Amino acid sequence: MSNWKNSVDPAVDYLLPLAKKAGIETTWDRYEAMQPQCGFGELGVCCRICWKGPCRIDPFGNGPQRGVCGADAHTIVARNLIRMMAAGAAAHSDHGRHIALTLLEVGEGHAPAYRIKDEQKLRNIAEKLNLAPAGKDLRQVAKEVALASLEDYSRQKRSIPCNWAKATLTAERVDKLIELGVMPHNIDAVIAEIMHRTHVGCDADAVNLLLGGIKGALADYTGMCLSTELSDALFGTPEPVVTQANLGVLKEDAVNIAVHGHNPLLSEIICDVALKMNEEARKAGAKEGINVVGICCTGNEVMMRRGIPLATNYLSQELAIITGALDAMVVDVQCIMPALTSVAECFHTEIITTMAENKITGATHIEFREDSAVESAQKIVELAIEAFKKRDKRKVNIPDYKQTAIAGFSAEAIMAVLSKIDAKDPLKPLIDNIVNGNIQGIALFAGCNNPRAIQDNNFITIAKELAKNNVLMLATGCGAGTFAKTGLMTQEATEAYAGESLKAVLTAIGKAAGLNGPLPLVLHMGSCVDNSRAVSVAVAIANKLGVDLDKLPLVASAPEFMSEKAVAIGTWAVALGIPTHIGIVPQIMGSSVVVEFLTEKAKDLLGGYFIVETNPEQAAAKLVAAIKERRKGLGI
Ligand code: CUV
Ligand code: SF4
């Protein structure tokens, strides 16, 4: 790609030419080879829902305006879009189910590899779900919490909302969602309903389809919320931890194991087991023992809870192998490029799949089961040590780039930091500073990378601009990966980029919390499912102010998104009342009805709406404007 910069990540810049020289193809090569991409698909007007098709609508109005069944562009675009939301919801909530089932096993005394690491959190969750935990034994509480969570996958009564959605949002929002008929009662049923209503010959009203999609997106919220909270109970609630990020965290003298994917059930055990197998690694010649690093959201999970360094985020996952120093990449679910096994063919790296429903041809499969988690993890680490012995030293090119990153800002951690200033009323200092304008608003960065944008560039450009405008920033997912890799999750970044009043507030809070300086410029809230942490902070603020979420000076941005999960997240953010920016043109532009609904009508209905803007400077300006509008609405 001659005229196009692929990434602003220096480690990527360093490794891509080496890949090219060695004839190894990466996602950027494949993206280039894919040009021009199909215009019908880009507009969302291609339908493959039945085999009378594929049908495509002519966007210029000269050719067909309806599919063989008569579906028009609006129906086709809306159907395609809400199927993406259903898939996103399925992914997050299947992950959540997995965690809930494990918690149930723990409650029932099975699953010896797991235990409740954060008892207080479990009890707080039980309180929240109205399970009256006082005086009950811990295992009983675990069981009841797991069953109440699993109820959100099995309840048949449509009039009863999901426990988790109801317990974690403002009362006003819950009422509004119920009134609009978009409150989920059962995650699985809502996903099935979307598949049903988009089957050939069903729902053919674009707005009705979108409302069905919004319900699916709120099912996604429900699944990710329970996923986050139950993971905290099992593995600990994150607290601020200093670590490092970018490919320079790989070590020449260690057995390097990357954990990649999403679900902490396996990666947590691998981290435990690796600690015990350092001696074996040293015996194999790795002076520094075992070095576990993270990629994508699994990376965020173990970074938050254990300070495990983050190797890289989504788009550059192949490059971890191209360093020649990665001995094993262990993957579970989601965002794992099928290309990994082809790249690994040029190296000694073992690609290890672990989930029965997620195999990759060419990978080694070591099945992970909760009841034998430790054994699987041992096998995986042994395989990595074996691979290390075969590492070709001449092929090792670890880029000398890594940055310090402070991670681990769970909602609880944020409250703990704030309570150092006002123990009785921890939110008060934050709210006071929002009201007096020292903090103009809050922005949540989420979502992936996408080769349609220069990797990490949108995130960084927008964040620096918002920082100047005194906006407090939170990040999750691969966005958090970007900020970690580029040093924006440090105290130095606050000094360098924060506007004067934001800097003063972050410094006052940081000093009170004993940090010897400001809080980092961007607060690392975790993986994609951890977006629910941002909601819980927002709900606490809204409840304190006595307003609903759509009144808060709160915005979200997924400037480089790509996955169906991100489509679901963006949609529930809108449904919760949050102006939500996306920096990649969504595949909906073929329907004026869908575009208008999501960018305008949603505002009247829900308070939130999508802002589509590919230019990062302009995106920042629009986010600041959205914050200002909200401040005006509050009279501050
Ligand atoms: Ni779940 S969904 S690329 S790893 S954020 Fe990263 Fe995050 Fe998108 Fe995937
Ligand atoms: Fe074509 Fe209708 Fe079948 Fe879609 S559902 S492929 S528009 S006939």
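These figures come from a predicted structure and were not determined experimentally.

Caption draft 1: Structural detail: the site of ligand 2. Neighbouring ligand 2 are C47, I49, C50, K52, G53, C55, G67, V68, C69, R79 and V200. For ligand 2, the cavity whose grid points lie within 2 Å of the majority of its atoms is the second largest cavity. Looking at the shell around ligand 2, its residues break down into seven nonpolar, two polar and two charged.

Caption draft 2: Quick look at the nonpolar core. V145, L466, M473 and W572 are the most contacted members of the largest nonpolar core, which has 186 residues in total. If one sorts the elements of this core by residue count, helix α10 (residues 206-235) sits on top with 15 residues. In this structure, V145 is in contact with L103, L122, I125, A126, L129, L131 and L230, ignoring residues within four places of it in sequence.

Caption draft 3: The arrangement of the packing of helix α18 (residues 427-435) against helix α23 (residues 531-545) in detail. At a minimum axis separation of 11 Å, α18 and α23 run at an interaxial angle of 75 degrees. When the axes of α18 and α23 are compared, the pair comes out roughly perpendicular. When α18 is examined against α23, the residues L427, L430 and I431 are found in contact with a partner set consisting of A540, I541, K544 and L545. Its residues assigned to classes, the contact of α18 with α23 shows six nonpolar, no polar and one charged.

Caption draft 4: View of helix α11 (residues 264-276). For α11, with 13 residues, the first-to-last C-alpha span of 19 Å sits near the 18 Å given by 1.5 Å per residue. Across the 13 residues of α11, 10 count as buried, placing the element largely inside the fold. Along α11, the residues that are buried comprise P264, L265, L266, S267, E268, I269, I270, C271, V273 and A274.

Caption draft 5: Looking closely at the pattern of salt bridges. The full count for this structure, using the stated rule, is 44 salt bridges. One salt bridge in this structure joins R197 and E193, with 3.0 Å as the shortest N-O distance. Here R197 and its partner E193 are both found in helix α9 (residues 187-197), four residues apart, which amounts to about one turn of the helix. Each member of the pair, R197 as well as E193, carries the same accessibility label: buried. For E301, the salt bridge identified is with R305, shortest N-O distance 2.8 Å. Taken together, the residues E301 and R305, both in helix α13 (residues 296-306) and four residues apart, mark about one turn of the helix. This pair shows no difference in class: E301 is buried, exactly as R305 is. A single network of salt bridges, built from pairs that share partners, joins K121, E229, D232, E301, R305, E412, D530 and R533.

Caption draft 6: Main features of the site of ligand 1. The immediate surroundings of ligand 1 are formed by H262, C296, C297, Y314, C335, G447, C448, C478, C528, M562, S563 and K565. Taken together, the residues of the shell around ligand 1 break down into eight nonpolar, three polar and one charged. Looking at which domains feed residues into the shell around ligand 1, each of domain 2 (247-395) and domain 3 (405-634) gives three or more.

Caption draft 7: The arrangement of the pairing of strand β11 (residues 441-445) in detail. When you tally the buried positions in β11, you get five out of five residues, the bulk of the element. With burial as the criterion, each face of β11 is covered, one bearing G441, A443 and F445 and the other bearing I442 and L444. Strand direction decides the pairing type here: β11 and strand β12 (residues 471-476), joined by five bridges, are parallel. Bridged to I442 within β12 is L472. Between the parallel elements β11 and β12, the chain passes through helix α19 (residues 457-468) in a crossover that is right-handed. Of the pairings in the sheet, the one linking β11 to strand β14 (residues 554-558) comprises four bridges and is parallel in character. Residue I442 lies in a different strand from β14, and its bridge partner there is L554.

Caption draft 8: Just unusual backbone geometry, in detail. Going from Q35 to P36, the amide bond is cis rather than trans, its omega being -5 degrees. Structurally, P36 is set in the loop between α2 (27-33) and α3 (39-43). The residue after G53, namely P54, is reached through a cis peptide bond having omega 5 degrees. Relative to the elements of secondary structure, P54 occurs in the loop between β1 (46-47) and β2 (55-56). Phi is positive for D456, which is not a glycine, with a value near 75 degrees.

Caption draft 9: Expanded view of the sheet that holds β11. Spatially, the six strands line up as an open sheet ordered β13-β12-β11-β14-β15-β16, and their pairing is parallel. With one partner strand each, in any of the chains shown, β13 (522-526) and β16 (609-612) form the two edges of the open sheet. Looking at each pair of strands side by side, their axes are set apart by 25 degrees on average, direction ignored.

Caption draft 10: Region of interest: the side chain of H581. Looking at the secondary structure, you find H581 in strand β15 (residues 579-582). In terms of polar contacts, H581 uses its side chain to reach the backbone carbonyl oxygen of E613, at 2.8 Å. Ignoring sequence-local partners within four residues, the contact set of H581 consists of I462, A556, S557, A558, P559, I611, E613, A619 and L623.

Caption draft 11: Focus on the environment of T323. Note that T323 resides in the loop between α14 (317-322) and β7 (328-331). Classification of T323 as buried rests on a relative accessible area of 0%. With residues up to four places along the chain from it excluded, the contact list for T323 reads L15, L247, L250, K395, V396, N397, I398 and P399.

Caption draft 12: Seen up close, the UniProt feature "binding site: [4Fe-4S] cluster 1" (unreviewed entry) in the protein chain. Those places that UniProt annotates as "binding site: [4Fe-4S] cluster 1" (unreviewed entry) correspond, in this numbering, to C38 and C46. Along the chain, C38 falls in the loop between α2 and α3. Tracing the backbone shows C46 in strand β1. C46 sits in the partly exposed class, given a relative accessible area of 27%. Look past the residues within four positions of C46 in its chain and what remains in contact with it is F40, G41, C55, R56, I76 and N80.

What counts as what
The residue numbering used here restarts from 1 in each chain and proceeds along that chain's sequence as written. Whichever chain is written first is A, and whichever ligand is written first is 1; the rest continue in order. Note on the predicted model: pLDDT of at least 70 is required for a residue's local features to be given, and 80 or more for side-chain atom pairs to be given and counted; whole-chain, interface and lining totals, by contrast, use all residues. Calculation of side-chain values draws on the structure's entire complement of heavy atoms; hydrogens and water are dropped beforehand. We call a residue near a molecule or strand when any one of its heavy atoms sits within 4 Å of it. In this analysis, the protein atoms alone were mapped onto a 1 Å grid. Cavities are point sets where a 1.4 Å probe fits without being able to get out; pockets are open sets with protein on both sides within 12 Å along at least five of seven lines; lining residues have an atom within 4 Å of a point. Whether a molecule lies in a cavity or pocket depends on its atoms, and more than half of them have to be within 2 Å of the grid points. Amino acids outside the nonpolar list (Ala, Val, Leu, Ile, Met, Phe, Trp, Tyr, Cys, Pro) and the charged list (Asp, Glu, Lys, Arg) are all regarded as polar, and Gly is one of them. Remark: nonpolar core denotes a set of buried residues (Ala, Val, Leu, Ile, Met, Phe, Trp, Tyr, Cys) joined through side-chain atoms within 4.5 Å. Accessibility here uses a 1.4 Å probe with only protein chains present; expressed as a share of the type maximum, an area under 20% marks a residue as buried, one over 50% as exposed, and anything in between as partly exposed. Going along the chain from the N terminus, every DSSP run of H or I of four or more residues is numbered as a helix, and every run of E of two or more is numbered as a strand. The contact criterion used is simple: two residues touch if any of their non-hydrogen atoms lie within 4.5 Å. For every element, the axis is a line fit to its C-alpha atoms; helices are fit only across the contacting stretch, and the angle between N-to-C directions ranges from 0 to 180 degrees. In what follows, roughly perpendicular refers to angles from 65 to 115 degrees, roughly parallel to angles under 35, roughly antiparallel to angles over 145, and oblique to any angle outside these ranges. A helix is expected to span 1.5 Å for every residue after the first. By definition here, a salt bridge exists when the distance from a side-chain nitrogen of Lys or Arg to a carboxyl oxygen of Asp or Glu is within 4 Å. Delimitation of the domains relies on an automatic or database domain assignment. Two strands qualify as a pair provided DSSP detects at least 2 bridges between them. Note on handedness: a clockwise path from strand one over the helix to strand two, with the strands aimed away from the viewer, defines a right-handed crossover. The definition of a polar contact used here is a pair of N or O atoms within 3.5 Å, where within protein one atom must be able to donate a hydrogen and the other to accept one, and adjacent residues in sequence count solely through side-chain atom pairs. UniProt positions are given in the numbering used here, feature names are shortened, and annotations may be inferred rather than shown by experiment.

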